[in-house]
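Coordinate inspection notes
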Amino acid sequence: MGMKPKPLSVALLGTGRISETQLAPALASASGLRLWSVLSRNRGRAADFARRHRARSREPGYDRLDEMLADPGLDAVLVATPDALHGDQALAAIAAGKHVFVEKPMVTSSADGRRVVEAAAAAGVTVGVAYHLRWHGGHRAMERLVRGGALGELRHMRVQWTWPAPDDSNWRAGSDVGRWWSLAGVGTHCLDMIRWFMVPGCGEVVEVRSATSNAVWGGPRDETALVALTFESGATAEFCSSVQFESPSRVEVYGDQGYVIGNHTLGPRGAGTVFTRAGMVPYVVQNPYVGELADFAAAVRNGRPPAVDAREGLRNVELLEEIK
Ligand SMILES: NC(=O)c1ccc[n+]([C@@H]2O[C@H](COP(=O)([O-])OP(=O)(O)OC[C@H]3O[C@@H](n4cnc5c(N)ncnc54)[C@H](OP(=O)(O)O)[C@@H]3O)[C@@H](O)[C@H]2O)c1
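Residues numbered from 1 in each chain as written. Predicted model: local features only at pLDDT ≥ 70, side-chain atom pairs only at ≥ 80, totals over all residues. Heavy atoms only, no water.

1. Let's talk about the sheet that holds strand 8 (residues 205-213)
The strands that make up a sheet pair up through hydrogen bonds in the backbone, lying either parallel or antiparallel. Spelled out, the test is: A pair of strands counts as paired when DSSP detects no fewer than two bridges linking them. Helix and strand assignments follow DSSP, with helices taken as H or I runs no shorter than four residues and strands as E runs no shorter than two, numbered in order from the N terminus. The contact definition used throughout considers only heavy atoms, calling two residues in contact when any of these lie within 4.5 Å. Note on definitions: angles span 0 to 180 degrees between N-to-C directions of axes, and those axes are lines fitted to C-alpha atoms, for helices only across the stretch in contact.
Read across the open sheet, the 8 strands follow the order 8-9-10-7-11-12-13-14; overall the sheet is mixed. The sheet terminates laterally at strand 8 and strand 14 (279-280), the two strands that pair on one side only. Note that strand 7 (residues 154-162) and strand 10 (residues 236-242) share 7 bridges and pair parallel. If you follow V159 over to strand 10, its bridge partner there is F239. Its contacts with the sheet put helix 7 (residues 182-202) on strand 7, strand 8, strand 9 (224-231), strand 10 and strand 11 (250-255), and the angle it makes with strand 10 is roughly 165°.

Below you can see the structure in the form of structure tokens.
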């Protein structure tokens, strides 16, 4: 009684941008977990990353996943490698009895996604997917308005998130460790926002229509994607993702009684403004990465699903696969 539960000891897989700038710092401040060990293709880089971010294991740097997973002190892994590596790494961790928190998109095929869902259920481990925007204070204020009925019945939603990539050298643009470009970078987040707001009141997505373009660099992947969705209730939604131009991001939710708009809220920080016809909606700025990790830790501890579970991660990928 009154004792703090032991924090989850978690490993980071991948030492790239999201691990360095968001996940490792968030691990240092989120309650319920701590950085334990690090996997890199290069053992020295893993050890260096582990030292800088104060990983707690005595030997925290690994270049082999099987060795890392054999550590009985390890409780969970955060998968932050390129998209097409997520599935096999998650399955290996599940097979070792570890809980898994996977960066978005969870996998790059629905077949892999089904394997993750089934393996997690059979092993009794928790799998969560890192849609951090659900932990943005402004989006949570929008969600309270929507769920509280302030907009009436939902009719439509529109999301746009774009950025200008400097060139097509990113692994998402063409290599076999990716599958989509704008859709994996930001479109999957747009889709998750739409599903989070719409599915509870409007039912499942029943139709997907889309247009994609690769006109600037002519590579194999989407540079821009436009996607239109229809839900069981007849409500509609649309999103635009692109690596070809800068725009102020938008999250727009429309009901028969009103609307709520998030302006410039999509991104790594809990920033931007939220407003309705009545004016600005105040919210408390919070680090969304701390929120998603604390939720994952609480889900493991309490044996309940995380905010985005493997089934929802799979549903997102199934819809990405329908985009032409
Ligand atoms: N939720 C968010 O806000 C957000 C934002 C950005 C990215 N992400 C997701 O996080 C994941 C990583 O993205 P990132 O932007 O951090 O990518 P990144 O900077 O390229 O880092 C990926 C890391 O994975 C490791 N890796 C292992 N095999 C690799 C390979 N064959 N090619 C390249 N890297 C390899 C590398 O670490 P070593 O060199 O140490 O092996 C690399 O640094 C992606 O799934 C992405 O969608 C999420």
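2. Description of the site of the ligand
Rule in force here: In this text, near means that some heavy atom of the residue lies within 4 Å of the molecule or strand in question. Polar contact is the term for a pair of N or O atoms within 3.5 Å; when the atoms are in protein, one must be able to donate a hydrogen and the other to accept it, and sequence-neighboring residues count only if both atoms are side-chain atoms. All accessible-area figures derive from a Shrake-Rupley calculation using a 1.4 Å probe, and residue coverage is judged against the displayed protein chains alone. Amino acid classes used here: Ala, Val, Leu, Ile, Met, Phe, Trp, Tyr, Cys and Pro are nonpolar; Asp, Glu, Lys and Arg are charged; the rest, including Gly, are polar. Reported domain spans reflect what an automatic or database domain assignment gives.
Around the ligand, 23 residues are found, and the nearest of them are T15, S40, D83, K104 and Y289. The contact in question runs from an oxygen atom of the ligand to an N or O atom on the backbone of G16, over 3.1 Å. Take I18: an N or O atom from its main chain is 2.9 Å from an oxygen atom of the ligand. Surface burial for the ligand is 84%, taken as the share of its 890 Å² of free accessible area covered by protein chains. Tallied by class, residues from the shell around the ligand come to 8 nonpolar, 8 polar and 7 charged. Each of domain 1 (8-131) and domain 2 (137-285) accounts for three or more of the residues forming the shell around the ligand.

3. Remarks on the domain arrangement of the chain
The condition that has to hold: What gets called buried area is simply the loss in accessible area from a 1.4 Å probe that two parts show on being joined, summed for both. A side-chain nitrogen of Lys or Arg and a carboxyl oxygen of Asp or Glu constitute a salt bridge if their distance falls within 4 Å.
Under the domain assignment, the chain is made up of domain 1 (8-131) and domain 2 (137-285). Centre-to-centre separation of domain 1 and domain 2, based on C-alpha positions: 27 Å. Facing the 12 residues of domain 1 at the interface are 12 residues of domain 2. Taking both partners together, domain 1 and domain 2 bury about 1,000 Å²; carbon and sulfur atoms supply 59% of that area. Across the domain 1-domain 2 interface, the total number found is 0 salt bridges.

4. Here we look at the pairing of strand 9
Convention followed: Classification of residues uses two cut-offs on accessible area relative to the type maximum, computed with a 1.4 Å probe and protein chains only: under 20% is buried, over 50% is exposed, and between them is partly exposed.
Burial of strand 9 is extensive: 6 of the 8 residues sit out of reach of the surface. Note: strand 8 against strand 9, 8 bridges, orientation antiparallel. Across the sheet, E207 pairs through a bridge with T230, a residue of strand 9. Two elements, strand 9 and strand 10, share 7 bridges in a ladder whose sense is antiparallel. Within strand 10, the position partnered with L229 by the bridge is A237. Here strand 9 folds back onto strand 10 in antiparallel fashion, the turn holding 4 residues, of which G234 has a positive phi close to 100°.

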